[in-house]
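Working through the structure, step by step
Here is what each chain is made of, one letter per residue.
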Amino acid sequence: MRKAWWKILCVLLLVYAVVGGLLVNIPNLPVLGETIRNVFYHVGMWAAMFVLFTCSLVHSIRYLSKNNLKNDIAANQYASVGIVFGLLGYATGAVWASYTWADPNNPAFDSFSAVAREPKLIGTAVALLIYFAYFILRSSIQDIDQKARISAVYNIFAFAMLFPTIMVVPRLLPSLHPGQEGNPALNFKDSSPAMRMIQYPAFIGWSLLGVWIATLKIRFNYIKERNFIK
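Residues numbered from 1 in each chain as written. Predicted model: local features only at pLDDT ≥ 70, side-chain atom pairs only at ≥ 80, totals over all residues. Heavy atoms only, no water.

1. Details of the packing of aromatic side chains
Per the counting criterion, the structure on display carries 9 aromatic pairs. Pairing phenylalanine 159 with phenylalanine 163 gives two aromatic rings, centres 5.6 Å apart and planes at 75 degrees, and the pair type is edge-to-face. Of this pair, phenylalanine 159 and phenylalanine 163 both sit in helix α6 (residues 144–168), 4 residues apart, which is roughly one turn of the helix. We classify phenylalanine 159 as buried; its relative accessible area is 14%. Each member of the aromatic cluster is reached from another via a ring pair, and the members are Tyr134, Phe135, Tyr154 and Phe157. In this arrangement the basic side chain of lysine 70 is found over the ring face of tyrosine 222, its NZ or CZ atom lying 5.5 Å from the centre. (Phe/Tyr/Trp six-rings, centres within 6.5 Å; stacked < 30°, edge-to-face > 60°. Helix = DSSP H or I, 4+ residues; strand = E, 2+ residues; numbered from the N terminus. Buried < 20%, exposed > 50% of the residue type's maximum accessible area, 1.4 Å probe, protein only. Lys NZ or Arg CZ within 6 Å of the ring centre and 35° of its normal.)

2. Some remarks on the pattern of salt bridges
Evaluated as defined, the whole model comprises 1 salt bridge. Ionic pairing is found between aspartate 72 and arginine 138, a salt bridge with its closest N-O pair at 2.8 Å. You can see aspartate 72 sitting in helix α3 (residues 69–98) and its partner arginine 138 sitting in helix α5 (residues 119–140), a full 66 residues away along the chain. On the basis of relative accessibility, which here comes to 10%, the residue arginine 138 falls in the buried class. (Salt bridge = Lys/Arg side-chain N within 4 Å of Asp/Glu carboxyl O.)

3. Examining a nonpolar patch on the surface
A surface patch of nonpolar side chains, amounting to about 530 Å² of accessible area, comprises Val11, Val15, Val18, Val19, Leu22 and Leu23. Mapped onto the secondary structure, valine 19 falls in helix α1 (residues 5–23). (Patch = residues over 30% accessible without salt bridge, like charges linked within 9 Å, V, L, I, M, F, W, Y side chains within 5 Å. Areas by Shrake-Rupley, 256 points an atom, 1.4 Å probe, with all protein chains shown as cover.)

4. Observations concerning α3
Taking 1.5 Å per residue as the helical rise, α3 with its 30 residues ought to reach 44 Å, and the 44 Å between its terminal C-alpha atoms agrees with that figure. Burial analysis of α3 places 22 of its 30 residues in the buried class, the great majority of the element. (Expected span 1.5 Å × (residues − 1).)

5. Some details on the environment of leucine 121
Within the secondary structure layout, leucine 121 lies in helix α5. Taking the C-alpha atoms as reference points, leucine 121 and alanine 94, 27 residues apart in sequence, are found 7.4 Å from one another.

6. Notes on the nonpolar core
Counting 46 residues, the largest nonpolar core has Met49, Phe85, Tyr131, Leu162 and Trp206 as the members making the most contacts within it. Counting only elements with at least two residues in this core, the list comes to α1, α2 (39–66), α3, α5, α6 and α7 (193–224). When residues in this core are grouped by element, the largest group, 12 residues, is from α2. Discounting chain neighbours no more than four positions away, the residues touching phenylalanine 85 are Met45, Ala48, Met49, Leu52, Trp206, Leu209, Gly210 and Ile213. (Core = buried A, V, L, I, M, F, W, Y, C linked by side-chain atoms within 4.5 Å. Contact = heavy atoms within 4.5 Å.)

Functional significance is not addressed by these values, which are geometric in nature.
Here it is, written out as structure tokens:
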């Protein structure tokens, strides 16, 4: 029971976020309207992605220092789950944008095509492609130790590119995204106290869910690779 407290907390926070996100009173903002409720889920996916990629980075660094294949397995699984949450964040953001920032006078396909050229979405796509290359690299190397070493080094590079592609470069370009000069999820001007009481627990809940899924995958791979790990 003591080891499962954070899993119970994860479930409680997500139930609170989902139910509270649908019921909380929101500010009447132009253009966004009721769609702003998506911030509890869309931004939560980004928060989980960053947490998972950070965990993957830590395990890659630990592998390079300790040479333990358990760290390589953990880094790989945290990165794989991080990509899933990244894709969910990308999808929820693209759909949200197509119903708000895009020109309502254009057909749906044309509107979505315009949103797909949004710098923040392009930057996110580049970041995710860099991580996809991480898995392609792993699959191309047969030697286990060599695969782990090269993957760990590449993972550090991929994480170093994460913030420029998502947070820095898109802010230097014209963008439809609100809060271009700040962080709209954390900017007090873009939300209300009632919303912040939902969104911060939601960020933690989605992050814990991602870690929970990753730990299950890690344990499964420990069993599958038990002949190669110490």
